[in-house]
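Each chain, written out:
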Amino acid sequence: MKERKRQPVFHRGITGFFSFGSFFSFLRTPLFSLAAVILLTALLPAPAPAAEMTDGNGADAAEIIEFAGVEEEVVVTATRLPLPPAETPGLTIVVDREAIRQSTGADLPTLIAEAGFPVAASGGDFAQASVQLGGFSANQSLVLFNGVPVNPGPAGEVDLSLFPAAVVNRMEISRGPLSPLYGANAMGGVVNIEAALSGEERSGFLLGGGSFDSGEINVFLQREQWGVAAGGGSSAGYRPNSDSKKSYLSGEYSFLPAGNNKNRLVLQGHFLTKEAGVPGTTGFPSGARQSDQRLILNLSGKNQAAKNLWEYRVFTQSWDNRYESEFGADRHRVEGHGAELSVRRETGNHIFLAGLSLAHDQFNSTKSGRNSRTQGAIFLQDHWRLRRNLVLLTGLRWDESSDYGSALSPRVNLIKHLTENLSVKAGYGRAFRPPTVNELYWHEDYGVPEWNMFGNPDLRPEKGESYDLTLHWQDKAGRTLTAGVFRSRLTDGIAWDQEAEGWKTKNIDRVKITGFELRWERKAKNGFGGDITYTWLNRQDWKPETGYVKNTRLGEHRVAVGITYSRGPWLARGCWRLVTGRTPQWGQAMPDYRLLDTALIYRTRGGYEIKLAINNLLDTAYEINAGYPMPGRNLEVSLYHAF
């Protein structure tokens, strides 16, 4: 493995306020494999049954349930039902509040990367970053913020650096085709970010600072039925024109007392801003500046009526992006409104889920003009316990849009408990991504065919389908092991194609993805804990002149090892990441790299928490996106206190 010798980088100290192959050949016949798994596992003995998902009054399941003698968190994203991971299709990784506080970083991209998922970043903590799940691109991976889809921008991608980790209570990352539940963009999976500002009464602050003249301040006030949080940060950057600053203001009001599992009505608001330089690549430096503003208002609730649990959501959001460079100024604005209603009913061995959603988005862009999109959907799901050790999960969603037509997304999953600790899960699903506004209506005519770019209003949605087979094991000590293989296929992919008058978007792209993922995790309140994630991913893109060509620029092999040790008031964490097997991007070789991030935390008796984090301890020179070098060794110091 080769690593480039890094160029010297001047690191500023802490300033400002305080601161801050063949083995997988069976996947070629996935239907046969799925049938074989069903027939073989159905003959095995049943384990002890899992704990019931509701209490005697039909209320929601508790946050923690008991399964095979182990207290275990439930996950929701993959099924919209509170289920243990053993009964959840595919792989879902949970990042809770404790994991966020123990992380070696202070932003969402770092949290996702530590969990083993690829994040395409163009710089440090404040730089633009997007997640890519299951080998799919960023606009094929859905991001939810408290249930609100935040993907509907002109390009369909989400800059995760805009969302403050300080207000995040929990994050679930689910890989797999989830359009049958969530519709557009959920081809590779879903990142579900949850912010909670009311409930437990507490107040506090988080101050931090470090290399590159970086600093941040966060304060929060939380009461039983309401809460507010505010904060921001800045960095001088480690490259010319890479300085940035961001801020946020969040609030929440619960109309009903906390702890009511049958009825809830919560209003949340978030205002997020970011201003940053755009340094460009090392080969083509830029003096451009960019600013972003996001506003999200979300009214959500649930109501238990007899055996039916009704859940509803009404939201509005806006995004204003401004970009200025030596070539001119551009502005892209999006305003979206939506509503969603679902009902869940448990009858016998079935848990039925049905729902509908409506959304209307308006776009105003200097590049693609004024446009709008109205879309509606209806979805159905059935969780059917065929036997006490055998579950069949089926689902179907129909989406209809004013500008891209319709899309039908089915799914079927079979979960078999082989023993009280071991389960096998097999599944199939379809997903889609609609064409973005830029792909439909972009218009740049310079009179030069090599520079001209034109959208195509006749584009069809991209279509994807995936098969997966997963083993899940958990013992009574809380250790878990998940291993799975998956195969995905994309058709009608949207790509830019050169024509006589210029570049134009067309449904000409095709992709094949084969992967294997392995994750081991042990949570411990004292002593050693940790997690190990390994992913092998082989993505192949179809090219008219060559056929399928390997594309693993973010890494064919990814390893993430996190080790935590706690003793008394001290906690130490190290996260080692290895990325190998990278293919060139834009004609530039993408070398393999290894990273080591560390954090040391001391918790005082007075409730103060002091953290020292050193990121990229080995001072590795590497790039995730070609031409955008990542920061060298840097440190962060923070002080947290809640009372």
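Residues numbered from 1 in each chain as written. Predicted model: local features only at pLDDT ≥ 70, side-chain atom pairs only at ≥ 80, totals over all residues. Heavy atoms only, no water.

1. Quick word on the pairing of strand β13 (residues 244-254)
The pairing of strand β12 (residues 226-235) with β13 spans ten bridges and is antiparallel. Bridge pairing links V228 to G251 in β13. As defined by bridge partners, β13 adjoins strand β14 (residues 263-280) across eleven bridges and the pair is classed as antiparallel. Across the sheet, residue K246 finds its bridge partner in β14, namely K274. (Pairing = 2+ DSSP bridges. Helix = DSSP H or I, 4+ residues; strand = E, 2+ residues; numbered from the N terminus.)

2. Focus: the sheet that holds strand β7 (residues 148-149)
Strand order in the open sheet formed by five strands is β3-β8-β9-β6-β7, with mixed pairing between adjacent strands. What marks the edges here is a single partner per strand, and that holds for β3 (91-96) and β7.

3. As for the confidence of the model for the chain
Residues of the chain with pLDDT of at least 70 account for 89%, and the chain-wide mean is 87. Predicted confidence is poor over residues 1-70, with pLDDT under 50, and the contacts of this stretch with residues over four places away or in other chains come to 148 contacts. (pLDDT = per-residue confidence, 0-100. Contact = heavy atoms within 4.5 Å.)

4. Here we look at the side chain of T583
Following the sequence through the fold, T583 ends up in the loop between β31 (570-580) and β32 (593-603). Looking at T583, its side chain comes within polar contact range of the main-chain nitrogen of T552, at 2.8 Å. From its side chain, T583 meets the backbone nitrogen of R553 in a polar contact 3.2 Å long. Not counting residues within four places of it along the chain, the set of residues in contact with T583 comprises K550, N551, T552, R553 and M590. (Polar contact = N/O pair within 3.5 Å; in protein donor to acceptor, adjacent residues only side chain to side chain.)

5. With respect to unusual backbone geometry
A positive phi angle, close to 75 degrees, is found at N185, a residue other than glycine. By the secondary structure assignment, N185 is in the loop between α4 (179-182) and β9 (189-195). On the basis of relative accessibility, which here comes to 11%, the residue N185 falls in the buried class. With a phi angle near 55 degrees, A306 is a residue other than glycine that sits in the positive phi range. Residue placement: A306 occurs in the loop between β15 (285-305) and β16 (308-325). Overall, the relative accessible area of 70% leaves A306 in the exposed class. (Buried < 20%, exposed > 50% of the residue type's maximum accessible area, 1.4 Å probe, protein only.)

6. Describing the nonpolar core
I112, F163, M171 and V191 are the most contacted members of the largest nonpolar core, which totals 46 residues. Listed by contribution, the elements that provide at least two residues to this core are β3, α3 (108-114), β4 (119-121), β5 (129-131), β6 (141-145), β8 (168-175), β9 and β32. Ranked by residue count, the leading element in this core is α3, at four residues. Counting nine residues, the second-largest nonpolar core is a separate cluster that includes L144, L178, A186 and L353. (Core = buried A, V, L, I, M, F, W, Y, C linked by side-chain atoms within 4.5 Å.)

7. Topic: the pattern of salt bridges
With the rule as written, the count across this model stands at 29 salt bridges. For R373, the salt bridge goes to D403, with nearest N and O atoms at 2.9 Å. A residue pair is termed long-range when its members are at least 10 positions apart, and R373 in strand β19 (residues 369-387) and D403 in the loop between β20 (390-401) and β21 (405-417) qualify at 30 residues. This pair shows no difference in class: R373 is buried, exactly as D403 is. The partner of R539 in a salt bridge is D541, with the nearest N and O atoms 2.7 Å apart. Looking at D541, the relative accessible area reads 7%, which means it is buried. (Salt bridge = Lys/Arg side-chain N within 4 Å of Asp/Glu carboxyl O.)

8. What to know about the packing of aromatic side chains
All chains considered together, the criterion is met by eleven aromatic pairs. Ring geometry for F220 against Y640: centres 6.4 Å apart, planes inclined by 20 degrees, an arrangement best described as stacked. Residue F220 is found in strand β11 (residues 214-222), and its partner Y640 is found in strand β34 (residues 634-642); the two are separated by 420 residues along the sequence. In this structure, F220 and Y640 share a single accessibility class: buried. With a centroid separation of 6.1 Å and 45 degrees between ring planes, the pair formed by Y404 and F432 is classed as tilted. In this pair, Y404 sits in the loop between β20 and β21 while F432 sits in strand β22 (residues 422-433), placing the two residues 28 residues apart along the sequence. Judged by its relative accessible area of 6%, Y404 falls in the buried class. The cationic tip of R510 hangs over the ring face of W542; the distance from NZ or CZ to the ring centre is 4.1 Å. (Phe/Tyr/Trp six-rings, centres within 6.5 Å; stacked < 30°, edge-to-face > 60°. Lys NZ or Arg CZ within 6 Å of the ring centre and 35° of its normal.)

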